[in-house]
Structures are given as structure tokens and as C-alpha cells.
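Okay, here's what each chain looks like letter by letter:
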Amino acid sequence: MKIPNALLNFHEHNLSYDLLELKEFNDVMENFLKTANHATSQETQEHFRNLPLALDDEQISFSPNFKNLLRSSNLTSIITVTEINLKSFCDSLLIRSHSMFFFKDLKGNSDFEKIKVVLNKTEFVDFQTIEREWTFIDNSRLIRNKFVHNNGIITGNHNDFNRITDFVNKNPDLFEKHLEHGKYYHIKIKKEFIYKLIET
């Protein structure tokens, strides 16, 4: 299907703008995590200084769990704006192809699965040429789901356990995986993951 350049540029611009804003926000957040003390108020700083351990400012830092929470919220935002923009683009493609239905009418296990169906059926994308990037984004979506629904914890009885652990294990520069109580894994997001996802 031939897509008018103006329509394509409109959707590309919207997604690029949203991701650029999220990247800028992520830059600010990571810089804050790097330079700020855990003790943000004067009262809290005094509390830490008066502890028997006598911690100084350099020893007061954000916990890994707090950093993980902020990074997972960025992950959620990135996946959400990507889904919203791609669903809107799919509706534009369906309208141009004189389809009798809209994106919301499609059946599928996830919006990403339905997006892939539309892009395939309209022959807008040859997924063989972008399979690696698409898989990375879709696996990132699964990680997002684990944070939204389970605080980044995965257990052997989750449907996507093997796929997620394989993705995490193959990307040690992007994630850490900690075994907790010998029963489940807690995923830790490294800052490099957010930047790679935005670039993808």
C-alpha cells in the first residue's frame, strides 16, 4: 500500500517527538540519581548525620530499588507512547485500505501482536528486515508488564518466564537478575537499557 509522505511524516514526527521528550526526561533523572543525595530535605539530612554510624553526604545514596522504580516508570512510559503512536498509525493504514474495522476491533494477545498483524497485512513493513529490533521492543514490553503487574519479579510459573530470562541473560549490560529467597527473580534495570530502547 502506498502511504502519502505527509501521513507517514506526521506519525513519525509524533513518535520521535514523544521519545525525544522521554530521553530528555531520562537524562535529567539519571543525572539526578548520579548527583543527588538520598536525603533531600534538611531535616532528613540531619537525621542521617545524627545516626550512630555518622554517615557523611557521600555515603547517603539512593537505594537500588528506588533507582529501579524510576527506571521502570520510564520503561512504562516509553512502551506506552510507542503503543499509542503505532496504534494510531495502524488506524490510519486501515482507513486508507478501506478496511471495515479499526484497530480496536482486532483480536490478539497484545497490542504489539495486533500492530504486527496490521503492518504485515498492509505490507507496510517487511518484518524479516526488522525482526531483531521488533523482538527487542516486544521483549521490553514483557519486562514492562512484569514491573506493572509484579514489581519486576518473575517466577517459573509465569507464561513468559523462559523468554524473559533468556532476554535478560543475553543482555547483562542492560539488566541484572537477582535470585530472591531461592524462589523467584527480581529484575534490575540498568540505565543503558532505557537509552537503548529509545534508540531502537
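These numbers were taken from a predicted model, which means no experiment stands behind them.

### Some remarks on unusual backbone geometry
- Positive phi is not limited to glycine here, since Asn 151 has a value of about 55°.
- In this fold, Asn 151 is placed in the loop between helix H5 (127-150) and strand E1 (153-154).

### A short note on the environment of Tyr 185
- Checked against the element boundaries, Tyr 185 lands in strand E3 (residues 184-189).
- Along the backbone, Tyr 185 and Gly 156 are 29 residues apart, and their C-alpha atoms lie at a distance of 9.0 Å.
- With sequence-adjacent residues up to four places away left out, Tyr 185 is seen in contact with Gly 152, Ile 153, Ile 154, Phe 161, Lys 177, His 178 and Leu 179.

### Notes on the environment of Lys 183
- Note that Lys 183 resides in the loop between strand E2 (175-180) and E3.
- On the basis of relative accessibility, which here comes to 67%, the residue Lys 183 falls in the exposed class.
- Remark: the alpha-carbon pair of Lys 183 and Gly 156, spanning 27 residues in sequence, is separated by 8.5 Å.

### Observations concerning the pattern of salt bridges
- A complete count under the given rule lists 11 salt bridges for this structure.
- When the shortest N-O distance is used, the salt bridge between Glu 30 and Arg 71 registers 2.7 Å. In this pair, Glu 30 is assigned in helix H1 (residues 5-35) and Arg 71 in helix H3 (residues 64-96), connecting sequence segments 41 residues apart. Pair check on accessibility: Glu 30 and Arg 71 agree, each one buried.
- Through salt bridges that share partners, Lys 87, Asp 111 and Lys 114 make up one connected network.

### Looking at helix H6 (residues 161-169)
- Turning to H6, its buried residues are Phe 161, Ile 164, Thr 165, Phe 167 and Val 168. On an axial view of H6, the arc spanned by its buried residues comes to 160°, and they lie on one face.

### Focus: the confidence of the model for the chain
- Summing up the model confidence of the chain, the mean pLDDT is 79 and the portion of residues at 70 or higher is 78%.
- Low pLDDT, under 50, characterises residues 54-60; the predicted model gives this stretch 11 contacts beyond four residues in sequence or across chains.

### Describing the nonpolar core
- Leu 75, Leu 119, Ile 143, Phe 175, Ile 187, Phe 193 and Leu 197 are the most contacted members of the largest nonpolar core, which has 38 residues in total.
- At the level of secondary structure, the elements contributing two or more residues to this core comprise H1, H3, helix H4 (111-121), H5, H6, E3 and helix H7 (191-199).
- The dominant element in this core, judged by the number of residues it contributes, is H3, at nine residues.
- Beyond its immediate stretch of four places on either side in the chain, Ile 143 contacts Leu 75, Ile 164, Phe 167, Val 168, Phe 175 and Ile 187.

### Describing H7
- Where H7 is concerned, the buried positions are Phe 193, Ile 194, Leu 197 and Ile 198. All buried residues of H7 lie within an arc of 130° about the axis, which places them on one face of the element.

### Comments concerning the packing of aromatic side chains
- Scanning all chains against the criterion turns up seven aromatic pairs.
- Judged by centre distance (5.1 Å) and plane angle (80°), the rings of Phe 127 and Trp 134 are edge-to-face.
- According to the relative accessible area criterion, Phe 127 is buried, its value standing at 5%.
- Of the residues examined, Trp 134 reaches a relative accessible area of 9% and is grouped as buried.
- Within the aromatic cluster, the residues linked to one another by ring pairs are Phe 136, Phe 167, Phe 175 and Phe 193.
- For the cation-ring pair, Lys 116 lies above Phe 127, with the distance from its terminal atom to the ring centre recorded as 5.2 Å.
- Its guanidinium or amino end placed over the ring of Tyr 185, Lys 177 lies 4.3 Å from that ring's centre, counting from NZ or CZ.

Cut-off values and rules
Residues numbered from 1 in each chain as written. Predicted model: local features only at pLDDT ≥ 70, side-chain atom pairs only at ≥ 80, totals over all residues. Heavy atoms only, no water. Helix = DSSP H or I, 4+ residues; strand = E, 2+ residues; numbered from the N terminus. Contact = heavy atoms within 4.5 Å. Buried < 20%, exposed > 50% of the residue type's maximum accessible area, 1.4 Å probe, protein only. Salt bridge = Lys/Arg side-chain N within 4 Å of Asp/Glu carboxyl O. Arc of directions from axis to C-beta. pLDDT = per-residue confidence, 0-100. Core = buried A, V, L, I, M, F, W, Y, C linked by side-chain atoms within 4.5 Å. Phe/Tyr/Trp six-rings, centres within 6.5 Å; stacked < 30°, edge-to-face > 60°. Lys NZ or Arg CZ within 6 Å of the ring centre and 35° of its normal.

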